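Report on the structure
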Amino acid sequence: GSLVSAGLPKRKKIIFILSWILVQARGGPGLYSQETAPKVILTAVGDIRLDGPVGALIARHGAGDPISGLGDALKGDIVFGNLECSLTSRGTKQPKTWNFRAPPKNLESLKKAGFTLLNLANNHSMDYGTQGFLDTLAALKKWDIPYVGGGKNVEEAEDLHIETFRSLKIGFLGFTSTFPQQAWA
């Protein structure tokens, strides 16, 4: 299989997975009442770029600088965001209007901020081609930050990531319908 950022799968598969996630998010059928259900804090943010002005702050002042003013804003059991850049110094810039890439070491900022899961299914994961995408996957593994919506093949890209907190299982998927279509799972 080829490298992919997860695209839209077949309708039946997504309905099954979403149904399964909803049942699991409730702790399974009939396992908890509203009063006894475990409490989990999910903090989610949108697009994260580690290049441009943020990358410049990291280069000048260190990995903690871009997050220094956030305080408790990113506190949570699960802190989720959409990684909107390639983490590489290699690869071939793809022909498109906007291409984003940052040094892999800039992931230290996200680690310090407490991010526990990132989405790769977006229109910038393949900005620097296959090499850039492979470098991004390797950097995330090195910094021990799990991800959804991308992988070395369709199975990895569509893989359900499950987090368990206080006996509650929560499943995450990442999908996109942006171009290039050949990167869809």
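Here, the structure is the one placed above.
Below: a short report on this structure. Bear in mind the structure is a predicted one, so any value in this text is a computation, not a measurement. (Residues numbered from 1 in each chain as written. Predicted model: local features only at pLDDT ≥ 70, side-chain atom pairs only at ≥ 80, totals over all residues. Heavy atoms only, no water.)

1. So, the nonpolar core
This is how it is decided: What makes a nonpolar core is a set of buried Ala, Val, Leu, Ile, Met, Phe, Trp, Tyr and Cys residues whose side-chain atoms join them at distances within 4.5 Å. Note on exposure labels: buried denotes an accessible area under 20% of the residue type's maximum, exposed denotes more than 50%, and partly exposed covers the range between, all computed with a 1.4 Å probe on protein chains only. The secondary structure listing takes helices from DSSP runs of H or I that are at least 4 residues long and strands from runs of E that are at least 2 residues long, numbered from the N terminus. Only heavy atoms matter for contacts: two residues are in contact if any of them lie within 4.5 Å across the pair.
Leu50, Leu83, Leu87, Leu107, Leu110, Leu118 and Leu140 are the most contacted members of the largest nonpolar core, which totals 24 residues. Contributing elements (two or more residues each) for this core: strand S3 (78-83), helix H3 (107-113) and helix H4 (129-142). If one sorts the elements of this core by residue count, H4 sits on top with four residues. Those residues within four positions of Leu107 in sequence are excluded, and the remaining contacts are Leu50, Leu87, Leu118, Ala139, Leu140, Trp143 and Ile145. Grouped together as the second largest cluster of nonpolar side chains are eight residues, Phe80, Leu117, Phe165 and Phe172 included.

2. Remarks on the environment of Trp98
Structurally, the position occupied by Trp98 is in the loop between strand S4 (86-87) and strand S5 (101-102). Here Trp98 falls in the exposed class, since its relative accessible area comes to 58%. Sequence separation between Trp98 and His124 is 26 residues, and the spatial gap between their C-alpha atoms is 8.3 Å. Those residues within four positions of Trp98 in sequence are excluded, and the remaining contacts are His124 and Asp127.

3. A look at the pattern of salt bridges
Just so we agree on the cut-off: For this document, the term salt bridge refers to a Lys or Arg side-chain nitrogen within 4 Å of an Asp or Glu carboxyl oxygen.
The final tally for this structure, using the stated rule, is four salt bridges. Here Arg49 and Asp51 are joined by a salt bridge, their closest N and O atoms 2.8 Å apart. On the basis of relative accessibility, which here comes to 32%, the residue Arg49 falls in the partly exposed class. Relative accessible area serves as the criterion here: at 11%, Asp51 is assigned to the buried category. Arg90 is paired through a salt bridge with Asp135; the nearest N and O atoms lie 2.7 Å apart. Pair noted here: Arg90 is in the loop between S4 and S5 and Asp135 is in helix H4, with a separation of 45 residues, a long-range link. Given a relative accessible area of 44%, Arg90 falls into the partly exposed group. Relative accessible area serves as the criterion here: at 14%, Asp135 is assigned to the buried category.

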